[in-house]
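Working through the structure, step by step
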Amino acid sequence: MNKLIKAAAAVLMLLTAVTPLHAAAETPPQDMHLTVETKELKADEIRGDGYVELKVFAENLPACRSMQILLEKDSGLTYSGHYAVPCAELSRAGGMSFSLGSGNYPDIIGCNIAVVEPEPLLLSGEIITLHLFLPDHVQPGDFYRVRILRSHDDLYHDETFVETDEARYGESYFTVLAAGGIRIQSDKPAPPVQQDTPEPQQQASPEPQQNEDPEPDAVETTGQTETTAPADHTTTAASVTETLTTSAPEPTEAPVTETTDGLTTETQTSELMTTGAEAAPVTETNPQAPEKHSAWPLVLLGIAGIGAGAGAAVWSRKRKMQQEREGL
């Protein structure tokens, strides 16, 4: 009986010890970055042997025990004998070694980082510095690239990874692997940027004016209409036009004077403004003024009558005297 109790107690103690370890499992990294520096150099800034250093930076890495970075350089560049050196913190806590391909890929190396201290190392910022040599002849505008590979297959599959005490996080956990390199700039200052000056707009030449006067509108905007009779007429009828529009009521009256051969007729034109729907214009014509008869025709007729009477009397008198002569 005592043995059974001891065995049950041992099982409970084992379960109690295992449960906290399982609950304390680390969370995988979510957004790891590795970036190669880009350096711009002028021709007079390059060392005589062409030696250049490029730094590699890391962000959001977990505290690691080991790490590998696969690097590929431009074929125009040459690795130094040391390839790269670790940052000061990594140099104190561990070290770095290099793995090379089979010879078919001389531009690819693997930088292997190891932490020898009891506790894992949390790396952030600069982690390694690459040692490279430029070719003997460079031209302004040349760019020599160095990039980070996610994976590479040669004799076996290899990849960029970070390893902690509990897990290994391969290339799929890196969200950014940014390439960099060396760019050669020109010694000559860049010419100033010339801004395009807009050309002045040409103004269109005015159209030649026509000698002929345009035809007058049949009805002016004021709604007034004037009628001019020929010169041989003695009278003319003035018209009055009233137009209905949709404006506010503003009655206006303006005298219009027409003169034709000594006959002057004054008419008034009024414009009636009312609100509401538009109506067709209404035209009214004033009755003609009574004609004035001249007295000269009567005078002439009277003179003609008197003359005719006097002539008849003279002729009658002569005839009577002739008859008297013939009777004797």
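See the structure shown above.
A brief look at the structure comes next. Everything numeric here is computed off the predicted structure, so don't read it as measured data.

Checked against the element boundaries, V115 lands in strand β7 (residues 108–115). Relative accessible area serves as the criterion here: at 10%, V115 is assigned to the buried category. When residues no more than four places from it in sequence are discounted, the contact partners of V115 are C64, R65, A93, G94 and L121.

In terms of nonpolar packing, the biggest core is built from 41 residues, with L34, L71, I127, I128 and L130 touching the most fellow members. Those residues in contact with I127 that lie beyond four places of it in its chain are L34, V56, A58, M67, I69, V85, P86, C87 and L90.

Side chains that differ in charge, positive against negative, can pair when their charged atoms come close. A complete count under the given rule lists eight salt bridges for this structure. Across the salt bridge formed by R47 and D49, the nearest N and O atoms sit 2.9 Å from each other. Classification of R47 by relative accessible area gives partly exposed; the value is 47%. Relative accessible area serves as the criterion here: at 41%, D49 is assigned to the partly exposed category. Here K73 makes a salt bridge to D107, at a shortest N to O gap of 2.6 Å. With K73 in strand β4 (residues 66–73) and D107 in the loop between β6 (94–100) and β7, this residue pair connects regions lying 34 residues apart in the sequence. Both residues of the pair, K73 and D107, count as buried.

How each quantity is defined
- Residues numbered from 1 in each chain as written.
- Predicted model: local features only at pLDDT ≥ 70, side-chain atom pairs only at ≥ 80, totals over all residues.
- Heavy atoms only, no water.
- Helix = DSSP H or I, 4+ residues; strand = E, 2+ residues; numbered from the N terminus.
- Buried < 20%, exposed > 50% of the residue type's maximum accessible area, 1.4 Å probe, protein only.
- Contact = heavy atoms within 4.5 Å.
- Core = buried A, V, L, I, M, F, W, Y, C linked by side-chain atoms within 4.5 Å.
- Salt bridge = Lys/Arg side-chain N within 4 Å of Asp/Glu carboxyl O.

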